[in-house]
Amino acid sequence: MDLTLIVVLVIALALFFDFTNGFHDTANAMATPIATGAMRPKVAVALAAVLNLVGAFLSTEVAKTISGGIINEGEGGVQITPELIFAGLVGAIIWNMVTWLLGLPSSSSHALFGGLIGAAIVGVGFGAVDFLVVLDKVILPAIIAPVTAGVVAYSATKLAYWITRRYDGRPDGRGGFRYGQIFSSSLVALSHGTNDAQKTMGVITLTLISAGLQTAGSGPEPWVVVSCALAIAIGTYSGGWRIIRTLGRGLTEVKPAQGFAAETSTAATILASSHLGFALSTTQVASGSVIGSGLGRRGASVRWGTAGRIALGWLLTLPAAGLVGGVAAFLAGFGPLGILIDTVLAVAVITTIFVLSRRSSVRSENAVAPVQGASEVAASGRAVRIKKVKPLKKPRDPKKESA
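Note that the structure is a prediction, hence the values are computed from the model and not measured. (Residues numbered from 1 in each chain as written. Predicted model: local features only at pLDDT ≥ 70, side-chain atom pairs only at ≥ 80, totals over all residues. Heavy atoms only, no water.)

Chemist: How should I be thinking about the environment of I243 in this particular structure?
Modeler: Here I243 lies in helix 9 (residues 241-250). Note on I243: relative accessible area 0%, which makes it buried. For the pair I243 and D25, spaced 218 residues apart in the sequence, the C-alpha separation amounts to 8.0 Å. If sequence neighbours within four positions are ignored, I243 has contacts with H24, A27, W100, G103, L104 and P105. (Helix = DSSP H or I, 4+ residues; strand = E, 2+ residues; numbered from the N terminus. Buried < 20%, exposed > 50% of the residue type's maximum accessible area, 1.4 Å probe, protein only. Contact = heavy atoms within 4.5 Å.)

Below is the structure:
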């Protein structure tokens with residue numbers, strides 16, 4: 001196949017992956033403020049889209065885990081080809097679409113890693129993958145990050161209710177946390193744009209370098225930055241309502257103070273881990289924070305069945321995306337015909353998933369059950385009993401009695 005054509009196909013597929021990443025991960029920042037009524041659904045996703053767009057411009061450093069970490073490429077390693085990157089993207093996109101249909105907040109980053117790993121193994125061999133880097137930068141953070149975020153969210157929720165314990169049993173006593181949620185969820189959206197858009201920029205840049213169209217070691221071109229920023233922002237604005245439903249109501253009933261604690265914990269964990277150089281999944285961090293906040297609020301309950309489904313999705317993401325990426329790489333090995341078959345099959349699968357999603361459509365109107373009023377009554381460290389007051393009897397009217 002003509003080199004220019006395959007590069008164009010890879011860039012188009014990478015931008016579509018960026019789009020799916022956007023709607024797949026909107027829930028990370030906006031599920032809890034929507035659930036508590038801090039923001040209206042469409043306003044929330046619009047704000048997240050703008051912040052994802054801005055976040056994509058805050059840094060132009062290509063993620064090392066994509067360009068020269070997990071996949072051995074370049075000097076002393078294996079030169080990955082555009083065809084293999086194409087196959088890896090097919091695996092990542094299909095897994096993103098499947099988990100979106102099921103409403104599972106799986107990791108788009110891990111889907112991308114898995115797809116590229118599977119394609120590299122089939123196309124080149126096991127020597128193409130640095131498994132120590134996979135363990136260090138993908139698997140271990142996947143275990144540690146949600147647990148850390150959950151512990152932080154649990155502690156933050158306990159602290160929030162302890163500080164405001166004088167409001168026990170009173171309506172609107174903690175409603176002010178809704179305003180705090182606007183800030184905390186915005187911070188999560190901004191950090192998500194900065195982190196996840198960079199992964200797609202890295203894939204496109206790696207493709208251009210592997211095709212000899214860009215100098216090795218150089219950063220993304222301005223048009224790559226703009227394209228990826230727009231793709232993830234448009235995807236974010238489209239909503240991803242199925243996953244918003246899962247994180248907003250499926251794991252636990254979220255109250256304003258609890259939501260604020262979860263979002264703050266998510267942002268703190270992502271920013272601290274980024275500073276330490278860990279490749280984290282924002283989805284896993286957000287899910288861990290929501291579970292931790294549910295455990296931290298007395299009277300709340302965590303739906304462990306849903307949590308188990310999400311955890312299973314996490315475990316399957318790398319191997320499942322890798323399997324699809326490997327099959328796509330095998331077909332791509334047949335040349336232009338194989339690339340054509342990959343493209344047709346991917347379009348067919350995505351179209352089928354979209355048609356199936358229309359049978360049980362989830363939109364902004366029905367994604368999260370509407371908040372009943374603006375009151376927020378919850379217990380902190382002590383159970384609060386409110387005695388029912390018997391209605392007073394009406395005084396007798398002597399005129400009516402005489403009549």
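Chemist: Help me out: how do you make sense of the environment of T20 in this one?
Modeler: Within the secondary structure layout, T20 lies in helix 1 (residues 3-36). For the pair T20 and M97, spaced 77 residues apart in the sequence, the C-alpha separation amounts to 7.5 Å. Ignoring anything within four residues of it in the chain, the contact list for T20 reads N96 and M97.

Chemist: I'm lost on the nonpolar core in this one. Help?
Modeler: The nonpolar side chains of a soluble globular protein tend to be buried, and buried together. In this structure, M30, I85, L89 and I244 are the most contacted members of the largest nonpolar core, which totals 76 residues. Take this core: its biggest share by element is 14 residues, from helix 1. Among the nonpolar cores identified, the runner-up in size contains seven residues, and F113, I117, A120 and V134 belong to it. (Core = buried A, V, L, I, M, F, W, Y, C linked by side-chain atoms within 4.5 Å.)

Chemist: Teacher, can you tell me more about the packing of aromatic side chains here?
Modeler: Pairs of aromatic rings are described using the distance from one ring centre to the other and the angle between the two planes. Per the stated rule, a full pass over the model turns up six aromatic pairs. Pairing F19 with F23 gives two aromatic rings, centres 5.5 Å apart and planes at 70°, and the pair type is edge-to-face. Placement of both F19 and F23 in helix 1 is noted, with a separation of four residues, approximately one turn of the helix. For F23, a relative accessible area of 7% translates into the label buried. Between F177 and F260, the aromatic rings sit 5.7 Å apart at their centres with planes inclined by 45°, giving tilted as the arrangement. Here F177 is found in helix 7 (residues 177-210), whereas its partner F260 is found in helix 10 (residues 256-276), with 83 residues between them in sequence. Cluster of aromatic residues (ring-pair linked, three or more members): F16, F19, F23 and W100. Over the ring of W100 we find R242, and its NZ or CZ is 5.5 Å from the ring centre. (Phe/Tyr/Trp six-rings, centres within 6.5 Å; stacked < 30°, edge-to-face > 60°. Lys NZ or Arg CZ within 6 Å of the ring centre and 35° of its normal.)

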